[in-house]
Amino acid sequence: MDTAFAFSLSTPGLLAVAAGAIAILLFLIIKVKLHPFLALVIVSIATALATGVTVDDLLPTLLSGFGKTLGNVALLIGFGAILGRIVAISGGAKVLADTLIRICGKQKAPLGLSIASLLFGFPIFLDAAFVVMLPVIYSIARELRGSLLIYALPAAGAFLVMHALVPPHPGPVAAAVFLEGDIGMVLLVALIVGLPTWYLAGYQLSLWLAKRTPFHPVPDLMGGADSDEVERTSLPRFSTILLVLLLPLVLIFMNTGITTLISAGTLPEGNPVLGTLTLIGETPVALLISLCLAMWLLLLRGHEKGAMGAVNETIEKALAPVCSIILITGAGGMFGGVLTASGIGEALADSLQSLGLPILVAGYVIAAVIRIAQGSATVAGTTAAGILAPAVLDSSLSGMPLACVVVAVVAGAIGYSHVNDSGFWLVGRFLGMETKTMLKTWSVVSTAISLMAFGLAWALFAMLT
């Protein structure tokens, strides 16, 4: 929290402001039908002023959350959208979709997508992995003429589990560092907890909710049946498409491995070769490299010199539909940033710390409350771990029991996704879902994943202590 602001509201007062802001936001979006971007900006301004942000500090506070979110997701969404459209209009998405349907069968296509997403999401953040996987999800939904949510929600649920629980994602790593847990042990516990959580809450529950939600057609965001899909006598090879989509996975995984080995002292710091390898493994750079490779392999190779004009037209058509998504996602980050700056999450965490709960339960509850209050899973996880650290370090916890505490904290930090979470808007806009539908599906899935992961971590902790 920025201590430059002199807030006079008590914890109940801050909580009332947060609850009122969320209620007004939902009213503007659902009832008034105001565009989410404008609704988020208006409510962010009102919330900042209501919690004591001065007029001089108002704009910097708003732009801080907006800019930080866009800095993380704008390039990912932009590069991912272009890559997705290239894969779609080249026929690559159809090749992948047909292959997956042939392997899994039509009835098991959602399971196949969810398993692929589980593997693909291991080293890649939810937003980047989700955007890259979208053309395949879109293509399968069109091919099988089914509701988009039947194929998209189980995939998104798998990405959420991996992003929530499993190192090298930032929440688990940061929590492990604060609590001095062993990353390898955290990874082991995360997999023990995460795999059943994925299958029941990420896959089965997502599929059940999707089937009970009205039919959702595939939006025309990355090319499709009614778009400018390239007519080809031969489709690209499956191996070519796999290379294009797996290359960012390999590069990001390389970055994670090198960074981990440098931190452990196995590899030297300051080595220029290692520095270059970690740079090309940064998520935006990895996506850009994959995008350039896709442009060459799928659109330019073997075509006349004027083909670059068609490529630029493809890029324009890819970026235009996602501009709204980028702005809405940034505005969601703005709203979450205002709630963070207001001190709501910290005030609630301080109150909860005095309740005398068991360490593992306290970690989950504090992280969940901060998550509900301000939206960011990473902020919730790191803040809760920081608050819990003195008690954990004074205890005799180590090894797998300590890893269970780390997993419980990050489980609390990933659940209860709603309108102050930028990921809520990113997923909802790409799937063409209304806010009400998102609350009935995505919010329920994220909450179920959070509760089940916590329950399993607590059960494992109880067995070990």
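Just so we're clear, the structure is a prediction, and the values are computed from it rather than from any experiment.

Student: Run through the overall build of the protein chain, naming residues and quoting values.
Tutor: A tally of helices and strands in the protein chain yields 20 helices and zero strands. Out of the 465 residues belonging to the protein chain, those deemed buried represent 55%. Taking as baseline every contact in the protein chain between residues at least 6 positions apart, the subset at least 24 positions apart corresponds to 83%.

Student: Any details on the packing of aromatic side chains? Residues and values, ideally.
Tutor: Here the structure, examined in full by the defined rule, presents six aromatic pairs. Ring centres of Phe424 and Trp425 lie 5.3 Å apart, and the angle between their planes is 80°; on these two criteria the pair is classed as edge-to-face. Grouping aromatic residues by their ring pairs yields a cluster made of Trp198, Tyr199 and Tyr203.

Student: Give me the packing of helix α1 (residues 11–31) against helix α2 (residues 36–50): which residues, what numbers.
Tutor: Viewed as axis vectors pointing N to C, α1 and α2 meet at an angle of 160°, and their least axial separation amounts to 10 Å. On the basis of their axis angle, the class for α1 and α2 is roughly antiparallel. By crossing handedness, the relation of α1 to α2 is classed as right-handed. Across from Val17, Ala21, Ile24, Leu25, Leu28 and Ile29 in α1, the residues of α2 making contact are Pro36, Ala39, Leu40, Val43, Thr47 and Ala50. Here the contact of α1 with α2 is composed, by residue class, of eleven nonpolar, one polar and no charged.

Student: Before we move on, can you summarise the side chain of Ser114 with the specific residues and values?
Tutor: Structurally, Ser114 is set in helix α5 (residues 109–120). Its relative accessible area of 0% is what places Ser114 among the buried residues.

Student: Give a description of a nonpolar patch on the surface that names residues and reports values.
Tutor: A cluster of nonpolar side chains, contributed by Ile45, Leu49 and Val55, occupies part of the molecular surface with about 260 Å² of accessible area. By secondary structure assignment, the location of Leu49 is in helix α2. Its relative accessible area of 42% is what places Leu49 among the partly exposed residues.

Student: Summarise the confidence of the model for the protein chain; cite the residues concerned and give the values.
Tutor: Taken residue by residue, the protein chain gives an average pLDDT of 81. The fraction at 70 or more is 88%. Looking at the elements of the protein chain, mean pLDDT is at its lowest for helix α14 (residues 344–353), recorded as 63, and at its highest for helix α20 (residues 442–464), recorded as 94. Every residue in residues 1–7 scores below 50 in pLDDT, and together they form 15 contacts with partners more than four places removed in sequence or on other chains. In this model residues 225–231 is a low-confidence stretch, pLDDT under 50, and it forms eleven contacts with partners more than four residues away in sequence or in other chains.

Student: For helix α17 (residues 399–414), give the residues involved together with the corresponding values.
Tutor: In a regular helix each residue adds 1.5 Å, so 16 residues correspond to 22 Å; α17 covers 23 Å between its end C-alpha atoms and thus fits that length. For α17, the buried fraction is high: 14 of the 16 residues fall into the buried class.

Student: Tell me about a positive patch on the surface, residues and numbers included.
Tutor: Positive charge collects at one region of the surface, where Lys31, Lys33, Lys436 and Lys440 lie side by side. Here Lys33 lies in the loop between α1 and α2.

Student: Lay out the packing of helix α9 (residues 183–211) against α20 in plain terms, naming residues and giving numbers.
Tutor: Packed helices, taken two at a time, are described by the angle their axes make and the gap between the axes. At a minimum axis separation of 9 Å, α9 and α20 run at an interaxial angle of 150°. In this view, α9 runs roughly antiparallel relative to α20, as classed from their interaxial angle. By crossing handedness, the relation of α9 to α20 is classed as right-handed. Residues Val189, Ile192, Val193, Pro196, Thr197, Leu200, Ala201, Gly202, Leu205, Ser206 and Leu209 of α9 lie in contact with α20, whose contacting residues are Val444, Val445, Ala448, Ile449, Met452, Ala453, Leu456, Ala457 and Leu460. Its residues placed into classes, the contact of α9 with α20 shows 17 nonpolar, three polar and no charged.

Student: Before we move on, could you go through the environment of Thr465 and cite the residues and values that matter?
Tutor: Here Thr465 lies in the segment after α20. You can call Thr465 exposed: its relative accessible area is 58%. Thr465 sits 68 residues away from Leu397 along the chain, and the two C-alpha atoms are 9.1 Å apart. Only 2.7 Å separates the side chain of Thr465 from the backbone oxygen of Phe461, close enough to count as a polar contact.

Student: I'd like a description of unusual backbone geometry, backed by residues and values.
Tutor: The phi dihedral of Lys33 is positive, around 70°, even though this residue is not glycine. What makes Lys33 exposed here is its relative accessible area of 60%. Even without a glycine there, the phi angle at Arg145 is positive, about 55°. Topologically, Arg145 is positioned in the loop between α6 (126–144) and α7 (148–165). With a relative accessible area of 74%, Arg145 lands in the exposed category.

What counts, and at which threshold
- Each chain carries its own residue numbering, running from 1 in the direction its sequence is written.
- In keeping with the model being predicted, local features are shown solely for residues with a pLDDT of at least 70 and side-chain atom pairs are shown and tallied solely at 80 or more, while totals for entire chains, interfaces and linings include all residues.
- Only hydrogens and water are set aside; all other atoms, that is, all heavy atoms of the structure, feed into the side-chain values.
- Under the DSSP-based scheme used, a helix requires at least four consecutive residues in state H or I and a strand at least two consecutive residues in state E, with every element numbered from the N terminus.
- Only protein chains enter the accessibility calculation, which uses a 1.4 Å probe; a residue is then buried when its area is under 20% of its type maximum, exposed when over 50%, and partly exposed in between.
- Note on contacts: a residue pair is in contact if any heavy atoms of the two residues lie within 4.5 Å.
- Pairing of aromatic side chains requires ring centres within 6.5 Å, counting the rings of Phe and Tyr and the six-membered ring of Trp. Pairs whose planes differ by under 30 degrees are stacked, by over 60 edge-to-face, and all others tilted.
- To obtain each axis, a line is fitted to C-alpha atoms, and for helices this fit is confined to the stretch in contact; angles are then taken between N-to-C directions over 0 to 180 degrees.
- Should an angle lie under 35 degrees it is considered roughly parallel, over 145 roughly antiparallel, and from 65 to 115 roughly perpendicular; all remaining angles are considered oblique.
- Two helices cross in a left-handed way if the nearer one is turned anticlockwise from the farther one by less than a right angle. They cross in a right-handed way if the turn is clockwise.
- Any residue that is not Ala, Val, Leu, Ile, Met, Phe, Trp, Tyr, Cys, Pro, Asp, Glu, Lys or Arg is counted as polar, Gly included; the first ten are nonpolar and the last four charged.
- Distance thresholds for patches are 9 Å for like charges and 5 Å for nonpolar side chains (Val, Leu, Ile, Met, Phe, Trp, Tyr), applied to residues having over 30% relative accessible area and no salt bridge.
- Computed with a 1.4 Å probe, the accessible areas rest on the Shrake-Rupley method; for each residue, only the protein chains presented here act as cover.
- Here, a salt bridge means any side-chain nitrogen of Lys or Arg that lies within 4 Å of a carboxyl oxygen of Asp or Glu.
- Think of pLDDT as the predictor's per-residue confidence, scored from 0 to 100.
- To estimate the expected span of a helix, count its residues, drop one, and scale the result by 1.5 Å.
- Counting rule applied: Lys, Arg positive; Asp, Glu negative; His and chain ends not counted.
- Every charge is mapped onto a representative atom, which is NZ of Lys, CZ of Arg, CG of Asp or CD of Glu.
- Polar contacts, as counted here, are pairs of nitrogen or oxygen atoms within 3.5 Å of one another; within protein the pair requires one atom able to donate a hydrogen and one able to accept it, and residues that are adjacent in sequence qualify only if both atoms are side-chain atoms.

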